[in-house]
Amino acid sequence: MKTMKTTVVIPAKNEERSISKIITKCRKYADELLVVDGYSTDGTVRVARKLGARVVQDHGLGKGDGLRVGIREAKGDILVFIDADGSHDPNDIPKLITPIKQNKADMVVGSRGMGGSDELHGDVEKLLRMIGSDIILIGINKKFKVNLTDSQNGYRAIRTDAARALNLKENITTIEQEMTIKCLKKGFRISEVPTHEYAREHGASVIKLRKVWFRYVWSFLINLL
Ligand SMILES: Nc1nc2c(ncn2[C@@H]2O[C@H](COP(=O)(O)OP(=O)(O)OP(=O)(O)O)[C@@H](O)[C@H]2O)c(=O)[nH]1
Ligand SMILES: [Mg+2]
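Each value, and the rule that gives it
Residues numbered from 1 in each chain as written. Chains lettered and ligands numbered in written order. Predicted model: local features only at pLDDT ≥ 70, side-chain atom pairs only at ≥ 80, totals over all residues. Heavy atoms only, no water. Helix = DSSP H or I, 4+ residues; strand = E, 2+ residues; numbered from the N terminus. Rg over C-alpha atoms; globule rule 2.2 N^0.38 Å. Buried < 20%, exposed > 50% of the residue type's maximum accessible area, 1.4 Å probe, protein only. Contact = heavy atoms within 4.5 Å. Lys, Arg positive; Asp, Glu negative; His and termini not counted. Charge placed at Lys NZ, Arg CZ, Asp CG, Glu CD. Patch = residues over 30% accessible without salt bridge, like charges linked within 9 Å, V, L, I, M, F, W, Y side chains within 5 Å. Areas by Shrake-Rupley, 256 points an atom, 1.4 Å probe, with all protein chains shown as cover. Salt bridge = Lys/Arg side-chain N within 4 Å of Asp/Glu carboxyl O. Polar contact = N/O pair within 3.5 Å; in protein donor to acceptor, adjacent residues only side chain to side chain. Axes fitted to C-alpha atoms, helices over the stretch in contact; angles between N-to-C directions. Parallel < 35°, antiparallel > 145°, perpendicular 65-115°, else oblique. Nonpolar A, V, L, I, M, F, W, Y, C, P; charged D, E, K, R; others polar.

A.B. asks: Even after reading the chapter, I still don't get the overall build of the protein chain, so can you show me in this structure?
C.D. replies: Counting its regular elements, the protein chain contains nine helices and seven strands. Relative to a compact globule of 225 residues, whose C-alpha radius of gyration would be 17 Å, the protein chain shows 16 Å and is just as compact. When the 225 residues of the protein chain are sorted by exposure, 54% land in the buried category. A fraction of 74% describes how many contacts in the protein chain between residues 6 or more apart in sequence connect residues 24 or more apart. Between the averaged position of the 38 positive side-chain charges in the protein chain and that of its 28 negative side-chain charges there is a distance of 4 Å.

Next comes the structure, spelled out in structure tokens:
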């Protein structure tokens, strides 16, 4: 069997302070390092290029757009999506890609349900985010008769051909639940491994709950039904 090559896809928007650490730590697990830039106005692109990553630009529509560009551009057989803000530990990459290499899964999601999160607890916005994502998770589990513990985490690996077959449409972070639902609809095998989510190292989240909650509910319903 041919060895599967891995492309690590790093969506990044204004992450110059954390991206060098991520690129450096991902290097040993990646055959290709692909940074998808969302029109950063800081030194993200310069830092990424200096460290030898290939940099491509999204269309300025959001992280989902960025992941779609990564899925299109990647040369590897397996994609690993990892945030550039320091929330994910690159040393978890082997756990994410091994089940795919062993042909035991088509997508492997890092589960914060199993591995814990610094970002889902501590204030009202985080509580509402957690309740919302749990309601969506319960809906997915009931509909597809599965027992997932995280439908939202951006830290995940997927076979490139499976990702390309999904015809993903969401422009923002709703792309993660869309990917999960569409994998289940297509009968792709999803596994989870525990990964811990750390608080972003610098700067602010792009997610403002009051602006995005409706899109989460809407994309959940249209993809599920
Ligand atoms: N290419 C691209 N990347 C983006 C865009 N928006 C955000 N990102 C990146 O996507 C990743 C996730 O964004 P975050 O803002 O951390 O979203 P989040 O992790 O759900 O939110 P927090 O939990 O608050 O960290 C980070 O690496 C961002 O730099 C975009 O429009 N285009
Ligand atoms: Mg983050």
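A.B. asks: Which parts of the structure should I look at to understand a positive patch on the surface?
C.D. replies: On the surface, Lys142, Lys143, Lys145 and Lys185 cluster together to form a positively charged patch. With respect to the helices and strands, lysine 145 occurs in the loop between helix 6 (124-144) and strand 6 (156-159).

A.B. asks: Any chance you could explain unusual backbone geometry here in plain terms?
C.D. replies: With the exception of glycine, the majority of residues adopt a negative phi angle, and the majority of peptide bonds are in the trans configuration. Positive phi outside glycine occurs at tyrosine 39, with the angle close to 55°. Structurally, tyrosine 39 can be placed in the loop between strand 2 (32-37) and helix 2 (44-50). For lysine 145, which is not a glycine, the phi torsion comes out positive at approximately 55°. When its relative accessible area of 74% is taken as the criterion, lysine 145 is described as exposed.

A.B. asks: Looking at this model, I keep getting lost on the side chain of asparagine 153. Mind explaining?
C.D. replies: Positionally, asparagine 153 belongs in the loop between helix 6 and strand 6. Polar contacts involving the side chain of asparagine 153 include one to the main-chain carbonyl oxygen of glycine 110, which spans 2.6 Å. The residues contacting asparagine 153, other than those within four sequence positions of it, are His88, Val109, Gly110, Ser111, Arg112, Glu176 and Thr195.

A.B. asks: Is there a simple way to explain the packing of helix 8 (residues 175-186) against helix 9 (residues 209-224) in this structure?
C.D. replies: When two helices pack together, their arrangement is given by the angle between the helix axes and the distance between those axes. The geometry of helix 8 relative to helix 9 is characterised by a closest axis approach of 10 Å and an angle of 10° between their N-to-C directions. On the basis of the axis angle, helix 8 is roughly parallel to helix 9. Residue-level contacts link Gln177, Glu178, Ile181, Lys182 and Lys185 of helix 8 to Tyr216, Ser219, Phe220, Asn223 and Leu224 of helix 9. The class makeup of the residues in the contact of helix 8 with helix 9 is four nonpolar, three polar and three charged.

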